[in-house]
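Observations on the model geometry
Spelled out, the chains give:
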Amino acid sequence: MAPTKMCSDLKMLQSMFLSKYRDTIFVSIDFEGGRCKEAEFRIYEIAISMLDTRRILEQNLPLEDAITTRHFVVGGHRRLTKAVKENLFGVSEAIDAENIPATIRETLSVKDTETSSSPPSKKSKLRNIVVVGHSFHTDSQLLLEVGLDISLLPMVIKIVDTQTLAKSVLGKGGSVEYPLKAFRIPYKNLHSAANDANLTLKAFLMLIHLTLRQFPCPEFNGTVFRTEEGRKLAWLQAVARQELPDMEARNEAWRDLKAEGIGILWGSGMLDCDYMSESNVSDPVEDLVSTTGILVNASQGH
């Protein structure tokens, strides 16, 4: 039986994953920062990873696309280039510090579209968001310092802390590395915001997966493994435990680009080559973009 203090949260979270109407986006947010010379703490990286429960078991959806990640870096080209090298997921983008609140609000403002998976009574302008974080109290305090109270955003219906959930389910909280190891989730390059956000969401999926197996809510008890819900559980586990992206080809491409004097602007995620201008990008460079996900500026050297 689930611990008493977990019952209400578990019932809600399990229902969002396994109920008939899948109408929630789970969003993991992570920040990296440090103290500047004036001893003021500043945010240097923000990452937002999303999993849309409407897309569970969606046909033709590759597992690697089930979680989407955006990575925002504050501090100019040099800091962006350094952050990109550690980033395993998504696309890295440079933003100004004053745009942090607006960037987060805009990223979380996902417009609802008319779909058969949404009951008529639940139609809304924006999709419901459940924010997932690890020791999120610290991150929420950082957001308050830059002028954003994420709990007051109209689309955010709940905030879940995986550290607290892990302590209840696994008997220990600690860093995000603990549930990653416990659930055998492949990981590396922690303390990169993009990696931590993506991997925290995967740890969350496995925590829900475990609770559904060990103490499912009454409406799922006895049926989870004999219906489509069992397929959803298997899908969640497959998404959480998928192998890390192979970054060797990307890093080799970076070295080639650097040797050619080409500056890296964005990195890590697959980008549409329509962003590239034929006037300043040669075919070999465009090939590198399509295979490695690096957006480059051929006119800018290092």
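What comes next is a walk through the structure. (Residues numbered from 1 in each chain as written. Predicted model: local features only at pLDDT ≥ 70, side-chain atom pairs only at ≥ 80, totals over all residues. Heavy atoms only, no water.)

1. With respect to the overall build of the chain
In plain terms, the rule: We count a stretch as a helix when DSSP gives it H or I for four or more residues in a row; a strand needs E for two or more, and each element gets its number in order from the N terminus. Exposed residues in this analysis have more than 50% of their type's maximum accessible area, buried residues have under 20%, and partly exposed residues fall in between, with area computed by a 1.4 Å probe over protein chains only. Between two residues, a contact is recorded if the distance between any of their heavy atoms is within 4.5 Å.
The number of helices and strands found in the chain is ten helices and eight strands. Scored against the burial criterion, the 302 residues of the chain give a buried share of 51%. Sequence separation of 24 or more characterises 70% of the internal contacts of the chain that already satisfy a separation of 6 or more.

2. Looking at the layout of surface pockets
Defined as follows: Of the two site types, the cavity is a set of points on a 1 Å grid over the protein atoms alone where a 1.4 Å probe fits but cannot get out, and the pocket is an open set with protein on both sides within 12 Å along at least five of seven lines, each lined by residues with an atom within 4 Å of a point. Grid points are joined across faces, edges and corners, and a volume is the space filled by probe spheres set on the points. Only Asp, Glu, Lys and Arg are considered charged, only Ala, Val, Leu, Ile, Met, Phe, Trp, Tyr, Cys and Pro nonpolar, and every remaining residue, Gly among them, polar.
Size it by volume and the second largest pocket reaches roughly 380 Å³. Lining of the second largest pocket is provided by 17 residues; of these, Asp30, Glu32, His134, His191 and Asp196 occupy positions nearest its centre. Elements supplying a minimum of two residues to the lining of the second largest pocket: β1 (24-35), α4 (136-145) and α7 (193-214). Among the elements that line the lining of the second largest pocket, the one with the most residues is β1, at four residues. Considered class by class, the residues forming the lining of the second largest pocket number five nonpolar, seven polar and five charged.

3. Points about the packing of α7 against helix α8 (residues 228-240)
Note the threshold: Helix axes use the C-alpha atoms of the stretch in contact, all axes being lines fitted to C-alpha atoms, and the angles between their N-to-C directions lie in the range 0 to 180 degrees. Orientation is classified from the angle alone, with under 35 degrees giving roughly parallel, over 145 giving roughly antiparallel, 65 to 115 giving roughly perpendicular, and any other angle giving oblique. Two helices crossing with the near one rotated counterclockwise from the far one by less than a right angle form a left-handed crossing, whereas a clockwise rotation gives a right-handed crossing.
At a minimum axis separation of 9 Å, α7 and α8 run at an interaxial angle of 150°. Overall, the two elements α7 and α8 adopt an arrangement that is roughly antiparallel. Handedness of the α7/α8 crossing: left-handed. Where α7 approaches α8, its residues Lys202, Leu205, Met206, His209 and Leu212 are matched on the opposing element by Leu233, Leu236, Gln237, Val239 and Ala240. Its residues assigned to classes, the contact of α7 with α8 comprises seven nonpolar, two polar and one charged.

4. Quick word on unusual backbone geometry
In this structure, Leu57 takes a positive phi of about 65° despite not being glycine. By the secondary structure assignment, Leu57 is in the loop between β2 (41-52) and β3 (67-74). One non-glycine residue, Asn189, adopts positive backbone phi at about 55°. With respect to the secondary-structure elements, Asn189 resides in the loop between α6 (177-182) and α7.

5. Points about the packing of helix α5 (residues 162-170) against α7
Where α5 meets α7, the closest approach of the two axes is 11 Å, and the angle between their N-to-C directions is 30°. α5 and α7 meet at a crossing whose hand is left-handed. Seen from α5, the contacting residues are Thr162, Leu165, Ala166, Val169 and Leu170; seen from α7, they are Thr200, Phe204, Leu207, Leu210 and Thr211. Split by residue class, the contact of α5 with α7 holds seven nonpolar, three polar and no charged.

6. Considering the side chain of Thr162
Position of Thr162 among the secondary structure elements: in helix α5. Given the relative accessible area of 1%, Thr162 is considered buried. If near-sequence neighbours (up to four positions away) are discounted, Thr162 is found in contact with Val132, Gly133, His134, Thr200, Phe204 and Leu207.

By themselves, these are just geometric observations and shouldn't be taken as functional.
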